[in-house]
Amino acid sequence: MTKRMSLIALGMLLVGSANAFEAEKVASDLKIPWGLAYVDDNTMLVSERSGLIKQVNLKTGSQQVIAKPDNVWAQGQGGLLDIAISPFAANTLYLTYSKDIEGEGATTLASATYQDGALANWQDIFVSNSRSDTGRHFGSRIAFDDNSLYFSIGDRGVRDNGQDTLTHAGAILRLNPDGGVPSDNPFIADNKVLDEIWSYGHRNPQGLVYDAQTKKLWSIEHGPRGGDEINLIKAGANYGWPITSHGKEYWGPISVGDGKVKEGIEPPVKVYIPSIAPGSLVLYRGDKFPELKGKLLAGALKLTHINVVTVSDAGKAIDEERIMAELGERIRDIEVTPKGDIYFSTDSGNLYKLKR
């Protein structure tokens, strides 16, 4: 057995479970592999935050650069961000990135054609008005329902953006596949809110997933010092930042905002204290790991594990488990394949496959 294919014998157990999970290293030497997009059993596309799109062979671990988009503002937390296969059109990708506009970064949604191992026809289909010179809080994950595309944008490090509905910063947006605005978005008739906004009051949502089975949209976002949140996203809802928060100020043990809950603000489904620093979110519906079925899986950066959350039919978080902690890796993105396999990337540049 080759070194590349050797299993990392972690023996890491699910808390309260008899099922052990292991991590098989598939590839290494990636540069902050921010987003993963499964193509087939041989191929994974990876977006590196520095601005490269790579194609990784899942059998051999070999990798090649297939694109280097122009105008990627790779500063601080910004750069080339999420990547996703379109469910609406063949051979089409969606990507989010911080676009360089006169030396400032704006979270942007692009599409491109991917065919025969090559990327072409790059097109910015939505440039948000989140432009700023700060390198903080870009979001930005992509999710799909039956007809629409969602993507998240952080508050760009400016707290007031969370409640400013005339900026896209601090919001989750809903768009048509071509980047246009769906006619049934919640604020179409409100000239005090941008048409693209689906929900607002977010700090930095870096995980977003739509569950087709329950028709629910889930998000996970970074809190300040403590107070990371899992939210069940509802059309038109305000998620409170920075009016409500479960976190503390970085400069002292002072609560952020006016309180933890407030009338008219949607409360989180789950709060993490201390922060796990979430980097991604999926909801597992596969058959390869029955013990994970129907559960949310979040990649944790600061606390270096995969966070497994059981949610009830009513959308309440009722249990939490942690796997892959002994790996000691900042887990950036998680990708579930149509066959139910689970891959995940880490900031150290590794791509793993979850095994038992």
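Per-chain numbering applies: the sequence of each chain, read as written, is numbered from 1 onward. Only residues with pLDDT of at least 70 get local features here, since the model is predicted, and only at 80 or more are side-chain atom pairs given and counted; chain-wide, interface and lining totals rely on the full set of residues. Remark: hydrogens and water are excluded; side-chain values derive from all non-hydrogen atoms of the structure.

### Notes on the packing of aromatic side chains
A pair of Phe, Tyr and Trp rings is counted when the ring centres sit within 6.5 Å of each other, with Trp represented by its six-membered ring. The angle between the planes then sorts it: under 30 degrees is stacked, over 60 is edge-to-face, the rest tilted. Summed over the entire model, instances satisfying the criterion amount to eleven aromatic pairs. Considering the side-chain rings of Tyr 97 and Trp 122, the 5.5 Å spacing of their centres and the 70° angle between planes classify their relative orientation as edge-to-face. Linking Tyr 97 in strand 8 (residues 92-101) with Trp 122 in strand 10 (residues 118-127), this pair joins segments that are 25 residues apart in sequence. Among the residues examined, Trp 122 registers a relative accessible area of 28% and is labelled partly exposed. Strands are runs of DSSP state E lasting at least two residues, helices are runs of H or I lasting at least four, and both sets are numbered from the N terminus onward. Accessibility here uses a 1.4 Å probe with only protein chains present; expressed as a share of the type maximum, an area under 20% marks a residue as buried, one over 50% as exposed, and anything in between as partly exposed.

### Some details on the sheet that holds strand 14 (residues 197-200)
Adjacent strands of a sheet pair through backbone hydrogen bonds, lying either parallel or antiparallel. Taken in spatial order, the four strands of this open sheet run 11-12-13-14, and their pairing is antiparallel. In the strand order of this sheet, the two ends are held by strand 11 (142-144) and strand 14, each with one partner. Taking each pair of neighbouring strands and ignoring which way they run, the sheet shows an average axis angle of 20°. Two strands qualify as a pair provided that DSSP identifies no fewer than 2 bridges between them. Axis definition: a line fitted to C-alpha atoms, over the contacting stretch in the case of helices. Angles run 0 to 180 degrees between N-to-C directions.

### Points about empty space enclosed by the protein
For cavity detection a 1 Å grid was placed over the protein atoms alone, and a set of points counts as a cavity when a 1.4 Å probe fits there but cannot get out; an open set counts as a pocket when protein lies on both sides within 12 Å along at least five of seven lines, with lining residues being those that have an atom within 4 Å of a point. Grid points are joined across faces, edges and corners, and a volume is the space filled by probe spheres set on the points. Enumeration according to the criterion identifies two cavities of 30 Å³ or more in this entry. In this structure, the largest cavity occupies an estimated 60 Å³ of space. If you go around the largest cavity, the residues you meet are Gly 201, Arg 203, Glu 221, His 222, Gly 223, Pro 224, Gly 227, Glu 229, Tyr 239, Trp 241, Thr 244 and Ser 245. All amino acids are sorted into three groups, where Ala, Val, Leu, Ile, Met, Phe, Trp, Tyr, Cys and Pro are nonpolar, Asp, Glu, Lys and Arg are charged, and the leftover types, Gly among them, are polar. When its residues are assigned to classes, the lining of the largest cavity shows three nonpolar, six polar and three charged. In this structure, the second largest cavity occupies an estimated 40 Å³ of space. Around the second largest cavity sit Glu 229, Tyr 239, Thr 244, Ser 245, His 246, Lys 260, Val 261, Lys 262, Ile 265, Glu 266, Pro 267 and Pro 268, which together line it. Split into classes, the residues belonging to the lining of the second largest cavity amount to five nonpolar, three polar and four charged.

### A few points about the side chain of Arg 49
For Arg 49, the position within the fold is in the loop between strand 4 (43-48) and strand 5 (53-57). Positive charges come from Lys and Arg alone, negative charges from Asp and Glu alone, with His and the N- and C-terminal ends not counted. Salt bridges, as used here, are contacts in which a Lys or Arg side-chain nitrogen is within 4 Å of a carboxyl oxygen on Asp or Glu. Of the side chains bearing the opposite charge, Asp 347 lies closest to the buried Arg 49, which forms no salt bridge; the N-O distance is 5.7 Å. Here, two residues are considered to be in contact whenever any of their heavy atoms come within 4.5 Å of each other. Not counting chain neighbours up to four residues away, the residues in contact with Arg 49 comprise Lys 31, Ile 32, Trp 34, Ala 74, Gly 76, Gln 77, Gly 78, Gly 79, Leu 80, Leu 81 and Arg 332.

### Re the environment of Ile 220
As for its position among the elements, Ile 220 is in strand 16 (residues 216-221). The buried category is assigned to Ile 220, whose relative accessible area is 0%. A sequence separation of eleven residues divides Ile 220 from Asn 231, and the C-alpha atoms of the two residues are 6.2 Å apart. If near-sequence neighbours (up to four positions away) are discounted, Ile 220 is found in contact with Asn 204, Pro 205, Gln 206, Gly 207, Glu 229, Ile 230, Tyr 272, Pro 278, Ser 280, Leu 281 and Ala 298.

### Digging into the sheet that holds strand 4
Read from one edge of the open sheet, four strands run 3-4-5-6, paired in antiparallel fashion. Of all the strands in the sheet, just strand 3 (33-40) and strand 6 (63-67) have a single pairing partner and so form its edges. Strand-to-strand twist in this sheet, taken as the mean axis angle between neighbours without regard to direction, amounts to 30°. One ladder, built from five bridges, connects strand 4 with strand 5; its direction is antiparallel. Directly across from Ser 47, in strand 5, lies its bridge partner Ile 53.

### Topic: the side chain of Glu 329
Tracing the chain through its elements places Glu 329 in the loop between strand 22 (317-323) and strand 23 (331-336). Among buried Asp, Glu, Lys and Arg side chains, Glu 329 stands out as unpaired, with Lys 25 the closest opposite charge at 5.8 Å. For the purposes of these results, a polar contact is taken to be a pair of N or O atoms within 3.5 Å, where, inside protein, one atom must be able to donate a hydrogen and its partner to accept one; residues adjacent in sequence count only when each atom of the pair is a side-chain atom. At 2.8 Å, the side chain of Glu 329 forms a polar contact with the side chain of Asn 350. Reaching out from Glu 329, the side chain makes a polar contact with the side chain of Tyr 352 at a distance of 2.7 Å.

### Concerning the layout of surface pockets
Estimates place the volume of the largest pocket at around 1,000 Å³. Contributing to the lining of the largest pocket are 35 residues, with Phe 144, Val 209, Tyr 210, Glu 335 and Val 336 lying nearest its centre. Those elements that provide at least two residues to the lining of the largest pocket are strand 3, strand 7 (80-85), strand 11, strand 15 (205-211), strand 19 (278-283) and strand 23. Contributing to the lining of the second largest pocket are 21 residues, with Gln 77, His 222, Ala 277, Leu 301 and Arg 330 lying nearest its centre.

### Describing the pattern of salt bridges
In total, this model carries 23 salt bridges according to the counting rule given. A salt bridge links Asp 82 to Arg 141; the nearest nitrogen and oxygen atoms lie 3.0 Å apart. Pair noted here: Asp 82 is in strand 7 and Arg 141 is in the loop between strand 10 and strand 11, with a separation of 59 residues, a long-range link. For the pair Asp 82 and Arg 141, one class covers both residues: buried.

### Structural notes on the confidence of the model for the protein
By definition, pLDDT measures how confident the predictor is in each residue, and it falls between 0 and 100. Residue-level pLDDT values for the protein average 93, and 95% of them are 70 or greater. The model gives residues 1-18 a pLDDT under 50, and that stretch makes 45 contacts with residues more than four places away or in other chains.

### Focus on unusual backbone geometry
Going from Gly 139 to Ser 140, the amide bond is cis rather than trans, its omega being 10°. In this structure, the amide linkage connecting Trp 241 to the following residue, Pro 242, adopts the cis form with an omega of 0°. Examined against the element boundaries, Pro 242 turns out to sit in the loop between strand 17 (228-233) and strand 18 (270-272). Here the phi dihedral of Glu 102 falls at roughly 55°; this positive angle occurs in a residue that is not glycine. With respect to the helices, strands and loops of the structure, Glu 102 is situated in the loop between strand 8 and strand 9 (104-115).

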